Structures are given as structure tokens and as C-alpha cells.
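Okay, here's what each chain looks like letter by letter:
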Amino acid sequence: EDQADFLAAVQESLRTCSIFEREHRVIRVDGTPGWIVSRAVPRLDAEGRIVEWFGAGRDVTAEKQAADRLRESE
């Protein structure tokens with residue numbers, strides 16, 4: 001469901017040569033749904049074109065689930 005919005009955010013980062021950061025849903029290796037925060041910083045050449053990205057992702061599934069449980073208990 002999130003794929004179109006995710007790809008639009010990637011395209012915007014490519015267009016503007018800007019940092020990409022997004023929290024998004026994923027299917028984890030074990031087949032269960034999860035949440036990831038992805039962040040990538042472009043490295044630009046002398047003309048301002050992207051030559052590569054430095055990035056990382058962090059699994060925030062446990063934090064999202066804890067927040068959901070807290071919200072439900074209130």
C-alpha cells in the first residue's frame with residue numbers, strides 16, 4: 001500500500017538532490033510486516049549531480065508496536 005508514496009518520495013529526493021528520510025512499512029525476511037526508517041544522503045559531483053548515496057535503514061517495528069499498545073490501553 002505504501003509503495004507509491006515511497007517511490008514518489010524517492011523521486012522527489014532524486015529531483016531535488018536532497019536527503020531522503022522516510023518511515024515506511026516493509027515485509028521482513030521472516031514474512032511478517034514491519035516498519036523501517038530509511039535515510040539516505042546524496043553525494044554530489046562538482047556539477048551538483050548525484051554520484052552515489054550513503055544510507056541506512058533501522059527497524060522500528062518494536063517501537064511502533066509499543067506505541068500502538070499504549071494507545072489502545074488508554
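Here the structure is shown first, and the text comes after it.
Remember, predicted model here, so these are calculated numbers, not experimental data.

So, how was this worked out
- Residues numbered from 1 in each chain as written.
- Predicted model: local features only at pLDDT ≥ 70, side-chain atom pairs only at ≥ 80, totals over all residues.
- Heavy atoms only, no water.
- Helix = DSSP H or I, 4+ residues; strand = E, 2+ residues; numbered from the N terminus.
- Contact = heavy atoms within 4.5 Å.
- Lys, Arg positive; Asp, Glu negative; His and termini not counted.
- Charge placed at Lys NZ, Arg CZ, Asp CG, Glu CD.
- Buried < 20%, exposed > 50% of the residue type's maximum accessible area, 1.4 Å probe, protein only.
- Pairing = 2+ DSSP bridges.
- Axes fitted to C-alpha atoms, helices over the stretch in contact; angles between N-to-C directions.
- Phe/Tyr/Trp six-rings, centres within 6.5 Å; stacked < 30°, edge-to-face > 60°.

Participant: Residues and numbers for the overall build of the chain, please.
Facilitator: Helix and strand counts for the chain come out as two helices and three strands. When its helices and strands are written in sequence order, the chain yields α-β-β-β-α. When the backbone C-alpha atoms are referred to their principal axes, the chain occupies close to 55 × 30 × 20 Å. Sequence separation of at least 24 residues holds for 25% of the intrachain contacts in the chain that already meet a minimum separation of 6. Here the chain contributes 11 positive and 15 negative side-chain charges, whose respective centroids are spaced 2 Å apart.

Participant: Summarise unusual backbone geometry; cite the residues concerned and give the values.
Facilitator: The backbone of Cys17 sits at a positive phi, close to 55°, despite the residue not being glycine. Relative to the helices and strands, Cys17 resides in the loop between α1 (3-16) and β1 (20-27). With relative accessibility at 26%, the residue Cys17 sits in the partly exposed group.

Participant: Can you lay out the sheet that holds strand β2 (residues 33-44) for me, pointing to particular residues and giving the numbers?
Facilitator: Spatial ordering of the open sheet is given by β1-β2-β3, a layout of three strands whose pairing is antiparallel. Each edge of the open sheet carries a strand with a single partner, namely β1 and β3 (50-59). Ignoring strand direction, the axes of neighbouring strands in this sheet form an average angle of 30°. Pairing of β2 with β3 involves nine bridges; the strand directions are antiparallel. Residue pairing for β3: Leu44 is matched across the bridge by Ile50. Strand contacts of helix α2 (residues 61-73): β1, β2 and β3, with the helix running at about 130° to β2, the strand carrying the most contacts.

Participant: Give me the lowdown on the side chain of Ser13, citing residues and values where you can.
Facilitator: With respect to the helices and strands, the residue Ser13 is situated in helix α1. Excluding residues that lie within four positions of it along the chain, Ser13 makes contacts with Ser18, Ile19, Phe20, Ile50 and Trp53.

Participant: Tell me about the packing of aromatic side chains, and name the residues and values.
Facilitator: Throughout the structure, instances matching the rule amount to one aromatic pair. Centre to centre, the rings of Phe6 and Phe20 are 5.4 Å apart; their planes meet at 85°, and the pair counts as edge-to-face. One end of the pair, Phe6, is in helix α1; the other, Phe20, is in strand β1, with 14 residues separating them in the sequence. Residue class for Phe6 comes out partly exposed when judged on its relative accessible area of 23%.

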